[in-house]
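# Geometric and topological summary
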Amino acid sequence: MSNDYGFSFVQTQEGTLVIRLVGSWRLRAGIPSFADLQGKVASTGMLKRIGFDTRDLTGWDSSILAFVSKVSELCRQRKIPMDREGLPVGVRKLLELAEAVPERKGARREVEKTSLLERIGTKAIGATDSLTEMLAFLGEMTITFVRLLGMKARYRTSDLVLLIQQCGAQALPIVTLISFLVGVILAFVGAVQLKQFGAQIYVADLVGIAMMREMGAMMTGIIMAGRTGAAFAAQLGTMKVTQEVDALTTAGFSPLEFLVLPRVVALILMMPLLCLYSDFVGVLGGAAIGVGMLDLSWTTYFHETANAITLTDIFGGVFKSSVYGVLIALSGCLRGLQSGNSSSAVGDAATSAVVTGIVAIVVACGTFAVVFYVLGI
Amino acid sequence: MIGEAIPANGAKPHITVRDLTMAFGSFVLMRDLNFTVNHGDVFIIMGGSGSGKSTLLRHLIGLIEPARGDVFYGDENFTKAEPAQRQELLRRMGVLFQTGGLWSSMTLAENIGMLLEEYTQLNPTEIREVAALKLALVGLKGFEDYYPSQISGGMQKRAGLARAMALDPEVLFFDEPSAGLDPISSRLLDELILELRDSLGATVVVVTHELASIFTIGNNSVFLDPETKTVTASGHPKELLAHCPDPKVRAFLRRETVSESLQNPG
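Residues numbered from 1 in each chain as written. Chains lettered and ligands numbered in written order. Predicted model: local features only at pLDDT ≥ 70, side-chain atom pairs only at ≥ 80, totals over all residues.

### Describing the domain arrangement of chain A
Considered domain by domain, chain A is made up of domain 1 (6-100) and domain 2 (154-375). Summarising the inter-unit geometry, the C-alpha centres of domain 1 of chain A and domain 2 of chain A are found 67 Å apart. (Domains from an automatic or database assignment.)

### Overview of unusual backbone geometry
Residue and element names in this part refer to chain A. Positive phi outside glycine occurs at Gln 243, with the angle close to 65 degrees. If you trace the backbone, Gln 243 turns up in the loop between helix H7 (202-241) and helix H8 (244-250). Classification of Gln 243 as buried rests on a count of 22 C-beta atoms within 10 Å. The phi torsion at Asp 295 lies on the positive side, around 55 degrees, for a residue other than glycine. In this structure, Asp 295 sits in the loop between helix H9 (255-293) and helix H10 (298-308). Judged by local crowding, Asp 295 falls into the exposed class, with 9 C-beta atoms found within 10 Å. (Helix = DSSP H or I, 4+ residues; strand = E, 2+ residues; numbered from the N terminus. Buried ≥ 20, exposed ≤ 12 C-beta atoms within 10 Å, placed from the backbone.)

### Concerning the nonpolar core
Counting residues in hydrophobic clusters, the biggest one holds 137 residues, and the most contacted among them are Leu267(A), Cys333(A), Ile45(B), Leu135(B), Phe173(B), Val204(B) and Val205(B). Per element, the largest residue contribution to this core is 18 residues, and it comes from H7(A). With residues up to four places along the chain from it excluded, the contact list for Val205(B) reads Val37(B), Phe43(B), Ile45(B), Leu60(B), Val171(B) and Phe173(B). Formed by 18 residues, the second largest nonpolar core is a distinct cluster that contains Tyr5(A), Phe7(A), Leu17(A) and Leu57(A). (Core = buried A, V, L, I, M, F, W, Y, C linked by C-beta atoms within 7 Å. Contact = placed C-beta atoms within 7 Å.)

### Observations regarding the packing of H7(A) against H9(A)
All names here are of chain A. In the contact formed by H7 and H9, the axes pass within 7 Å of each other and the chain directions differ by 145 degrees. Between H7 and H9 the crossing geometry is right-handed. Classifying every residue of the contact of H7 with H9 gives 17 nonpolar, eight polar and two charged. (Axes fitted to C-alpha atoms, helices over the stretch in contact; angles between N-to-C directions. Left-handed = near helix turned anticlockwise from the far one by under 90°. Nonpolar A, V, L, I, M, F, W, Y, C, P; charged D, E, K, R; others polar.)

### What to know about helix H9 (residues 247-254) of chain B
Residues and elements named next belong to chain B. Buried within H9 we find Val 249, Arg 250, Phe 252 and Leu 253. One side of H9 carries all its buried residues, which in axial view fall inside an arc of 160 degrees. In the stretch just after H9, Arg 255 is the one whose phi turns positive, near 60 degrees. (Arc of directions from axis to C-beta.)

### Side note on the sheet that holds strand E6 (residues 93-96) of chain B
Residues and elements named next belong to chain B. Read from one edge of the open sheet, six strands run E6-E7-E8-E3-E9-E10, paired in mixed fashion. The open sheet terminates on both sides in strands that have one partner only, identified here as E6 and strand E10 (230-234). Ignoring which end each strand starts from, the neighbouring axes of this sheet average 20 degrees apart. When strand E3 (residues 42-47) meets strand E9 (residues 220-225), the two strands line up parallel, connected through five bridges. (Pairing = 2+ DSSP bridges.)

### A look at the interface of chain A and chain B
In this assembly, 11 residues from chain A lie in contact with 16 residues from chain B. A per-element tally of the side of chain A that touches chain B places H8(A) first, with five residues. Taken together, the residues of the side of chain A that touches chain B break down into two nonpolar, five polar and four charged.

### Structural notes on the environment of His236(B)
Within the fold, His236(B) resides in the loop between E10 and helix H8 (237-243). Spatially, the C-alpha atom of His236(B) lies 7.1 Å from that of Gly218(B), the residues being 18 residues apart in sequence.

### Topic: the pairing of strand E2 (residues 16-24) of chain A
Residues and elements named next belong to chain A. Strand direction decides the pairing type here: strand E1 (residues 6-11) and E2, joined by six bridges, are antiparallel. Following the sheet pairing, Val 10 is matched in E2 by Val 18. Adjacent in sequence and paired antiparallel, E1 and E2 are bridged by four residues, among which Gly 15 carries a positive phi angle near 85 degrees. Relative to strand E3 (residues 49-53), E2 runs parallel, the two sharing five bridges. Along E3, the bridge assignment pairs Val 18 with Gly 51. Sheet topology note: the E2/strand E4 (residues 57-59) ladder contains two bridges and is parallel. Bridging across to E4, Ser 24 finds its partner in Gly 59.

### Observations concerning the sheet that holds strand E5 (residues 76-77) of chain B
Strand pairing in a sheet relies on backbone hydrogen bonds. The paired strands run either parallel or antiparallel. All names here are of chain B. What the four strands build is an open sheet, ordered E2-E1-E4-E5; its pairing is antiparallel. Two strands bound the open sheet, and with one partner strand each, they are strand E2 (27-38) and E5. When strand E4 (residues 68-73) meets E5, the two strands line up antiparallel, connected through two bridges. From the neighbouring strand, Phe 72 faces E5, where its bridge partner is Asn 77. Those strands touched by helix H1 (residues 53-60) are strand E1 (13-24), E2 and E4, and its axis lies near 120 degrees from that of E1.

### Things to note about the environment of Leu65(A)
Residues and elements named next belong to chain A. Mapping Leu 65 onto the fold places it in helix H2 (residues 62-78). With 283 residues separating them along the chain, Leu 65 and Asp 348 place their C-alpha atoms 39 Å apart. In contact with Leu 65, other than residues within four places in its own chain, are Val 91, Leu 94 and Leu 95.

Structure follows, in structure tokens:
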């Protein structure tokens, strides 16, 4: 196979530009530059027609088609008739096929330059819309909850049990790992400072109070947002793609009652338990450092912890975790139900569910800090 | 009561679409659609890809609210109905979605059973029996405890149909029933649709562009044209094939290009 391919052009006496295509044209090898020809056509003002000579063309594929259609476009712009007789029959047919359906008006997307102001405006309108959507969702969920309290909500108990298992027991390993490490980290941070004053024993207070009041709930919340919130969004998004949500609606089942409600309930029930567990494992992590590095005994450590924390601390944390559970479930389900109808849209929904969930948790955490401070808890 | 006169041949209108405009935001898909589906019709909604056939079906079953206009079932305005009344109307409809739309977390029997549980007084044993019967009707005897993901696409379609007729609906909607089916399965599905229409006395609305199906099962139709954004032809598909003045409709029904169709009219 010869790599020698390309084109040359000659102008005949009668004002015809003959393009000579030679060699074997292959897409793999690239399409020869068009600039020379364009320059020639531009510089010669009085071309009567453009023709082709393909006697030395040994092979061709779409590369020649791309080239010829560019020539054809050039001819149309300059209003020079193009003589296709010289081209191989296959090329002529494909060219006709490509030109058979005229470009649909408005089909081409114009890449418009939008001003900064316009973009800000569009974003603002988009933000309002998504806020309205979120409020509508919250409103409907409130109604659904009222129905649940009145025992009128319809969902499958087996779904709820399965969900409880998924976001309860199955989350234990990861919660164990993260909570233990958080306890260790807190103990380390405290130990370095407190050792200077010989007050190592207060590491127990520090880890205990921090885990109970904030870190237990917060870390469980973030783990569950990444683990369960994303799963909820992906499940609901896929159900939208496969029209399962539509099927529920037309069968007279509210997707909010049937899909969202059990998920919210499962997390409300499981988050406090996970949080308590996380508190306990966190203290264990702290104790490991206390015993291993600060020469405290297990008994001393746990006695100190027990003295430091109050029931209010524990219940405060547990209450927060329940609220985080609602936030995670709602943001996961909302993003899932808002998902578009493609596989990438489901992926986006899962991502957005995690982001929304974590933002909501952090905002709620800040709000709680202020409220608890004001209330003196 | 709507002011539509009952046609001379005694057919009673079952679904009436009045001045229906379908739009997404400011983009209008179809404008001022008007047509009637009579009791016992196999009504075909046809048109090229992207002409809004499935969207029209979603309007008819209330999944999308019309930008303007109304859909009536019998004398009742479905579009403007109160939620309770709308649920009541929905209960009398069965829908086979394009992808089957089976609930993937439930077995086939549970998929059908859920509707029976909700809307009938049957006890669990009876529910199980009725679900098995419905599955047997579509040729899926013995598949009660399979999950949708464990059966083939054609079987999922049939299971979807079994669920759609769980409550013996008065209207059955089919969204592209033959999409993704081999010619024989799709032919069998067509026969099933006709049999169900005859035995249940249901009205059937089918969205399709499958010519074989259109001529085999349809006895009334509308053709949606995305360029004029309206219905350009309606009537019995075979009559449209023979006499329709619109070249685009003729071309569609003959599987020709519009220019070919212009060369051999009628």
